[in-house]
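An overview of the molecular structure
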Amino acid sequence: MKNRVGMSGYRWWSGMLCAMLCVSLLAGCGQQKAEAPKAPVVEEQTPPEEPAPEDPVQSGDPEQAAFTAPLTGLPMDQAPTIRPLSIMINNAPAARPQSGLTQADIVYEVLAEGGITRMIGIFQSKGTDETIGPIRSIRPYLINLGESYGGVLVHAGGSNDAYAILQKQHKEDLDEIGNSGAYFWRDKSRKAPHNLYSSADKLREGADKHGYKKEVNIPAYKFRAESDLPEGEDATGVDITFLLKSYKVSYQYHEASKVYQRSINGKPHVDQNTGQQLTATNVVILGADHKTLDDVGRLAVDVDKGGEAVLLQRGKILKGRWVRAKGDVIRFVKDGQEVPLYPGTTYFNIVPNAPTFDSHIQIHQP
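Position numbers for residues count from 1 along each chain, tracking the sequence in the order it is written. Residues qualify for local features only when their pLDDT is at least 70, as the model is predicted, and side-chain atom pairs are given and counted only at 80 or more; totals for whole chains, interfaces and linings, by contrast, use all residues. Side-chain descriptors were evaluated using all non-hydrogen atoms of the structure, hydrogens and water having been removed beforehand.

1. Considerations on the environment of K126
- Each helix corresponds to a stretch of at least 4 residues labelled H or I by DSSP, and each strand to a stretch of at least 2 residues labelled E; elements are numbered beginning at the N terminus. With respect to the helices, strands and loops of the structure, K126 is situated in the loop between strand 5 (117-123) and strand 6 (131-132).
- The rule is simple: take the accessible area with a 1.4 Å probe, protein chains only, and divide by the maximum for that residue type; under 20% is buried, over 50% is exposed, in between is partly exposed. Here K126 falls in the partly exposed class, since its relative accessible area comes to 24%.
- In sequence terms K126 and A200 are 74 residues apart; their C-alpha atoms lie 8.9 Å from each other.
- Each residue touching K126, except ones within four places of it in the same chain, is listed here: T102, Q103, A104, D105 and T345.
- Any pair of nitrogen or oxygen atoms within 3.5 Å is treated as a polar contact; in protein, a donor-acceptor pairing is required on top of that, and neighbouring residues in sequence qualify only through side-chain atoms on both sides. Within the structure, K126 has its side chain in polar contact with the backbone oxygen of T102 (distance 3.5 Å). Whether two residues touch is decided by their heavy atoms; if any such pair falls within 4.5 Å, the residues are in contact.

Structural data, given as structure tokens:
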């Protein structure tokens, strides 16, 4: 009996030990499953929200952009290698408002005959199918300025001296009267000759048809960071008299948008495509020697030798000089050093040195 009971007790204790061991193991397994959710899953699913990084194209910070436009300093999403178009734009009263100037990277304004100015729009980083014009004739100094950016010269006719340069030096140009009429059109709602238009896309099509170079070395300007403070004295704007007392161009600083709003004879100068007033981030006014060539009043304007100039940026005006090295563009310098521009459109206004440079400028004091 003892052997039976001992064996039976032994079996009983063995069974109990096995059962206890299984319970312990099961409890351990159950504990691991219970601990698994303690990992910070909930925290990972609901992290504190952070603002999305700014798109460099929208933020306007050229340092964040993949590419920077050489003439505006603004960010671009593709390499800015496309060749500029240097377009002669009519600025007679009957030609206003013009179309497409808001798409220009650089705009020059300089006297033509009769006391009225002509404008050169340098289109490089902007402008595709927008209407541009009215397009007008070319002069030797306009060839000089337009070519300094490597641009295809776009015009409708020209002076005898200008045609001589274009033909003898084999300039790459698109002339509505001569070699490229198919790439322009007339607007019947306006009277000729103030009704000739084209677009950047149409003109580049014409340049391709002529076999002109698509890419050239484009001179680049130096640009400030947006956070940099401007140099100079306080000035809210400027009035410019090129020649006629009845023709006055004004730039008024708009602090909220950090640009200068352009007006002619006290009225906003607008782009007909958009109805928007023309604006400039940088305004350069420079003095050049002017010489009358004939009874018609055609001019020779020296856009090479340099001279007095002022620069308006961010509500400040800085006195300096303009210089132009061989094969380069016009640049504004102070104490021999190029002054950086702020990213955006720049307007260059060329006035006569006579009787004095300062006689053509009236500064608006705060």
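2. Regarding the side chain of N195
- As for its position among the elements, N195 is in the loop between strand 9 (185-186) and strand 10 (196-199).
- Reaching out from N195, the side chain makes a polar contact with the side chain of R186 at a distance of 2.8 Å.
- A polar contact of 3.2 Å, which involves the side chain of N195, links it to the backbone oxygen of R190.

3. Let's talk about the packing of aromatic side chains
- For this analysis, a ring pair means two rings from Phe, Tyr or Trp (six-membered ring only for Trp) whose centres lie within 6.5 Å, classed as stacked if their planes differ by under 30 degrees, edge-to-face if by over 60, and tilted for the remaining angles. The tally for this structure, following the rule as stated, stands at six aromatic pairs.
- Where Y108 meets F348, the ring centres are 4.8 Å apart and the plane angle is 10 degrees; that geometry is what we call stacked. Taken together, the residues Y108 in strand 4 (residues 106-111) and F348 in strand 24 (residues 346-352) connect sequence positions 240 residues apart.
- You can call Y108 buried: its relative accessible area is 0%.
- For F348, a relative accessible area of 2% corresponds to the buried category.
- Taking 5.0 Å as the distance between ring centres and 45 degrees as the angle between the ring planes, the aromatic pair formed by Y253 and Y260 counts as tilted. Residues Y253 and Y260 agree in their burial class; the two are buried.
- Of the aromatic side chains, those joined through ring pairs into one cluster are Y108, Y149, Y221 and F348.
- Two thresholds decide whether a charge sits over a ring: the Lys NZ or Arg CZ must be within 6 Å of the ring centre and within 35 degrees of the ring normal. The residue whose ring lies beneath R314 is Y342, and the NZ or CZ to ring-centre distance is 3.9 Å.

4. Side note on a negative patch on the surface
- Among the surface-exposed residues, D129, D201, E205 and D208 lie close enough to one another that they form a single negatively charged patch.
- As for its position among the elements, E205 is in helix 6 (residues 200-210).
- Relative accessible area serves as the criterion here: at 43%, E205 is assigned to the partly exposed category. Residues enter a patch when their relative accessible area is above 30% and they make no salt bridge; the linking distance is 9 Å between like charges and 5 Å between nonpolar side chains (Val, Leu, Ile, Met, Phe, Trp, Tyr). Reported accessibility uses the Shrake-Rupley method at a 1.4 Å probe radius. Residues are deemed covered only where the shown protein chains occlude them. Here, a salt bridge means any side-chain nitrogen of Lys or Arg that lies within 4 Å of a carboxyl oxygen of Asp or Glu. Positive charges come from Lys and Arg, negative ones from Asp and Glu, while His and the chain ends are left out of the count. Just so you know, the charge point we use is NZ for Lys, CZ for Arg, CG for Asp and CD for Glu.

5. Some thoughts on the sheet that holds strand 6
- At least two bridges found by DSSP between two strands is the condition for calling them paired. Taken in spatial order, the three strands of this open sheet run 6-10-9, and their pairing is antiparallel. Edge positions in the sheet fall to strand 6 and strand 9, since each of these pairs with one other strand and no more.
- Taken together, the two bridges between strand 6 and strand 10 define a ladder with antiparallel strand orientation. Across the sheet, the residue bridging to T131 is S199, located in strand 10.
- Think of each axis as a best-fit line through the C-alpha atoms, taken over the contacting stretch in the case of a helix, with angles from 0 to 180 degrees between the N-to-C directions. Across the sheet, helix 6 lies against strand 6 and strand 10, angled at about 80 degrees from strand 10, the strand it touches most.

6. Describing the pattern of salt bridges
- Throughout the structure, instances matching the rule amount to 13 salt bridges.
- Notably, a salt bridge pairs E176 with R186, separated by 3.5 Å at the nearest N-O pair. One end of the pair, E176, is in the loop between strand 8 (173-175) and strand 9; the other, R186, is in strand 9, and ten residues separate them in sequence.
- One network of salt bridges, with partners in common, ties together D328, R331 and E338.

7. Brief notes about the nonpolar core
- Ranked by size, the top nonpolar core spans 78 residues in total, and within it I87, Y108, Y149, Y221, I285, F348 and I350 carry the most contacts.
- By convention here, the domain bounds are inherited from an automatic or database domain assignment. Here this core spans two domains, since at least three of its residues come from each of domain 1 (67-210) and domain 2 (233-364).
- Y108 has contacts with R118, M119, I120, L145, Y149, Y221, I330, F348 and I350, leaving out every residue within four places of it along the chain. Only buried Ala, Val, Leu, Ile, Met, Phe, Trp, Tyr and Cys residues count toward a nonpolar core, and they belong to the same one when joined by side-chain atoms within 4.5 Å.

8. Concerning the pairing of strand 21 (residues 316-323)
- With two bridges connecting them, strand 11 (residues 233-234) and strand 21 associate as antiparallel partners. The residue bridging E233 from the neighbouring strand is I317, located in strand 21.
- The pairing of strand 20 (residues 307-313) with strand 21 spans seven bridges and is antiparallel. Bridged to G307 within strand 21 is W322.
- The turn joining strand 20 and strand 21, which pair antiparallel and follow one another in sequence, is formed by two residues; a positive phi near 50 degrees is taken by R314.

9. Description of the confidence of the model for the protein
- Confidence scores here are pLDDT values: one per residue, from the predictor, ranging 0 to 100. The predicted model of the protein averages 86 in pLDDT, with 82% of residues at 70 or higher.
- Under a pLDDT of 50 for its full length, residues 1-62 has, in the predicted model, 13 contacts with residues more than four places off or in other chains.

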